[in-house]
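Chain by chain, the residues run as shown.
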Amino acid sequence: MNFQLTDDQRDLQEAARRFARETLPPVAARLEAENMPPSRELIKQYAELGFLGINVPEELGGMGLGNLEALIVLEEFGKISSAVAFPIFESAVGPVRAIERFGGEALKKRVVPAVCRGEMIVAVSMSEPDAGSALTDLSTRAVDDGGDLVLTGTKRWCSGGGHADGYVVYCRMSDEPGARGIGAVFVDAGMPGLSFGPNEELMGFRGIPSSDLMFDECRVPKENIVVPAGGFKKLMEAFDLERCGNATMSMAQASGALEDVIEYVQERKQFGKPIVDFQAVQLKLAEMQMQVDAARLLIWRAAANAQDGLPSIQESSVAKCFANSISREVTGNAVQLMGAYGYSKEFPMERRMRDAWGWGIAGGAIDIQKTNIASAMVGRRFNQRA
């Protein structure tokens, strides 16, 4: 068991940190103010620097590194803001990995390299008006109509909705009840029958577009099937990696807040001395450091134990649950320590606090992670309907 990063991992971390800190703070402020996603030009720059598809195999256009390396880079970008980090999230731990793992060869070769080149943005669409935590209640259907699938239904809370170039859509693909009837298809933006609701106005996550997707007999070729009916378990296996990405984005709000507040308390003076000289501030800083370190170690454990594969549901859920919880507390304490400067929209701290709350809802709420953990501990699923 080795708790040290390799030289190559440290070099990658430093390169990501340097680029993020030198280039992205003004971009993050603009995306926050305008509630607009990163420009295509910026995403292309990410690709040229090797920050997209870090853990995607080289033959599909990625860097061919491991999940841990992808999460290391994701944290450095996430410290600046969720919005500027989201393209990396989508390319390394999001729906692109489901296509890479389970999609057909033609679909993989069309989509995955384009994402790694910064030419395509792919989002995942899971939730529906009546299916969130109860994901097996999906009602959007993909009906076999000879050469095509015909999609009908409404999806909700799709991050990237109306902005992405394609969507991995979880839907019901057979009449089998529950999870046995669920699979996923890839739907290109612009397909006839696909339309979008307005951009959601959320408490946080500004710069990450979110909207409804409406399918009105939208025809999709069968080669766009990512996972057929009965493949819900595979989709959830891929989602275990996305949980680690969610946990990293959440933890990054806390680690970024901690770095900024350490600098602030050494500069801010009250009663004739820096406020870091007050023991109450010292105790709070120590608590925040312990929480961030513990969250990072839990995330990295899940990634390292999976090698280059997919993390376990127990370790990924533990990491997400803990990171989601502490990020809310750490960012809240950072706002308090910075006082009016922390509460002001002129500074990034209050944005981090709002986004920290969002990550504990997105990708499975905190309490749902606890049921996942308990299920893994005892080796069986609990029937929430009984």
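Before any of the text, the structure's been laid out above.
Residues numbered from 1 in each chain as written. Predicted model: local features only at pLDDT ≥ 70, side-chain atom pairs only at ≥ 80, totals over all residues. Heavy atoms only, no water.

**Side note on the side chain of Asn55**
- Note on placement: Asn55 falls in the loop between α3 (40–48) and α4 (67–80).
- Setting aside anything within four residues of it in sequence, one finds Asn55 in contact with Leu65, Gly66, Asn67, Ala70, Ala92, Arg97 and Leu241. (Helix = DSSP H or I, 4+ residues; strand = E, 2+ residues; numbered from the N terminus. Contact = heavy atoms within 4.5 Å.)

**Regarding the packing of helix α1 (residues 7–23) against helix α2 (residues 25–34)**
- One can describe the packing of α1 onto α2 by two numbers: an axis separation of 5 Å at closest approach and a directional angle of 60 degrees. Between α1 and α2, the interaxial angle falls into the category oblique. Where α1 abuts α2, its residues Ala20, Arg21 and Thr23 lie against Pro25, Pro26 and Val27.
- Residues belonging to the contact of α1 with α2 are distributed by class as follows: four nonpolar, one polar and one charged. (Axes fitted to C-alpha atoms, helices over the stretch in contact; angles between N-to-C directions. Parallel < 35°, antiparallel > 145°, perpendicular 65-115°, else oblique. Nonpolar A, V, L, I, M, F, W, Y, C, P; charged D, E, K, R; others polar.)

**Examining a nonpolar patch on the surface**
- A cluster of nonpolar side chains, namely Met1, Phe3 and Leu297, defines an oily patch on the protein surface of about 440 Å² accessible area.
- Counting through the fold element by element, Leu297 comes out in helix α9 (residues 279–305).
- Since its relative accessible area comes to 45%, Leu297 is described here as partly exposed. (Patch = residues over 30% accessible without salt bridge, like charges linked within 9 Å, V, L, I, M, F, W, Y side chains within 5 Å. Areas by Shrake-Rupley, 256 points an atom, 1.4 Å probe, with all protein chains shown as cover. Salt bridge = Lys/Arg side-chain N within 4 Å of Asp/Glu carboxyl O. Buried < 20%, exposed > 50% of the residue type's maximum accessible area, 1.4 Å probe, protein only.)

**Here we look at the pairing of strand β2 (residues 141–145)**
- Pairing geometry for β2 and strand β3 (residues 148–159), over five bridges, is antiparallel. Considered in β3, the bridge of Val143 is made with Val150.
- In sequence, β2 turns back onto β3 through a hairpin of two residues, with Gly146 there showing a positive phi of about 80 degrees. (Pairing = 2+ DSSP bridges.)

**Digging into the pattern of salt bridges**
- The full count for this structure, using the stated rule, is 31 salt bridges.
- Residues Asp175 and Arg141 are paired through a salt bridge, measuring 2.6 Å at the closest nitrogen-oxygen approach. One end of the pair, Asp175, is in the loop between β4 (166–172) and β5 (182–188); the other, Arg141, is in strand β2, and 34 residues separate them in sequence.
- Given the relative accessible area of 69%, Asp175 is considered exposed.
- Sharing partners across several salt bridges, the network here consists of Glu32, Glu201, Arg206, Lys345, Glu350 and Arg354.

**Some remarks on helix α7 (residues 105–116)**
- Under the 1.5 Å per step criterion, the end-to-end length of α7 is 16 Å for twelve residues, consistent within 8% with the ideal 16 Å.
- By the burial criterion, the buried members of α7 are Leu107, Lys108, Val111, Val112, Pro113, Ala114, Val115 and Cys116.
- In this structure, the buried residues of α7 make contact with α3, α5 (82–92), α6 (95–102), β1 (122–125), β5 and β8 (225–227).
- Just past α7, the residue Gly118 takes up positive phi, approximately 75 degrees. (Expected span 1.5 Å × (residues − 1).)

**A short note on the pairing of β5**
- Of all the seven residues making up β5, seven are buried; the element is thus mostly covered by neighbouring parts of the structure.
- Alternating positions in β5 separate into two faces, Ile182, Ala184, Phe186 and Asp188 on one and Gly183, Val185 and Val187 on the other, with burial throughout.
- Relative to β5, β4 runs antiparallel, the two being bridged by seven bridges. Paired with Tyr170 across the strands is Ala184, a residue of β5.
- Sheet topology note: the β5/β8 ladder contains two bridges and is antiparallel. Bridging across to β8, Ala184 finds its partner in Val227.

**Re the packing of aromatic side chains**
- Considering all chains together, one arrives at twelve aromatic pairs under this definition.
- Taking 5.7 Å as the distance between ring centres and 75 degrees as the angle between the ring planes, the aromatic pair formed by Tyr341 and Phe347 counts as edge-to-face.
- By the ring-pair criterion, three or more aromatic residues cluster together here, those being Phe19, Tyr46, Phe51 and Phe77.
- Directly above the ring of Phe278 sits Lys273, whose terminal nitrogen or CZ lies 4.5 Å from the centroid. (Phe/Tyr/Trp six-rings, centres within 6.5 Å; stacked < 30°, edge-to-face > 60°. Lys NZ or Arg CZ within 6 Å of the ring centre and 35° of its normal.)

**Re the packing of helix α8 (residues 232–267) against α9**
- Where α8 meets α9, the closest approach of the two axes is 10 Å, and the angle between their N-to-C directions is 155 degrees. By the angle between their directions, the pair α8 and α9 is classed as roughly antiparallel. The handedness of the crossing between α8 and α9 is left-handed. For the pair α8 and α9, contact is made by Cys244, Ala247, Thr248, Met251, Ala254, Ser255, Leu258, Val261, Ile262 and Val265 and by Val281, Leu285, Met288, Gln289, Val292, Ala295, Arg296, Ile299 and Ala302, respectively.
- Looking at the contact of α8 with α9 residue by residue, the class counts come to 15 nonpolar, three polar and one charged. (Left-handed = near helix turned anticlockwise from the far one by under 90°.)

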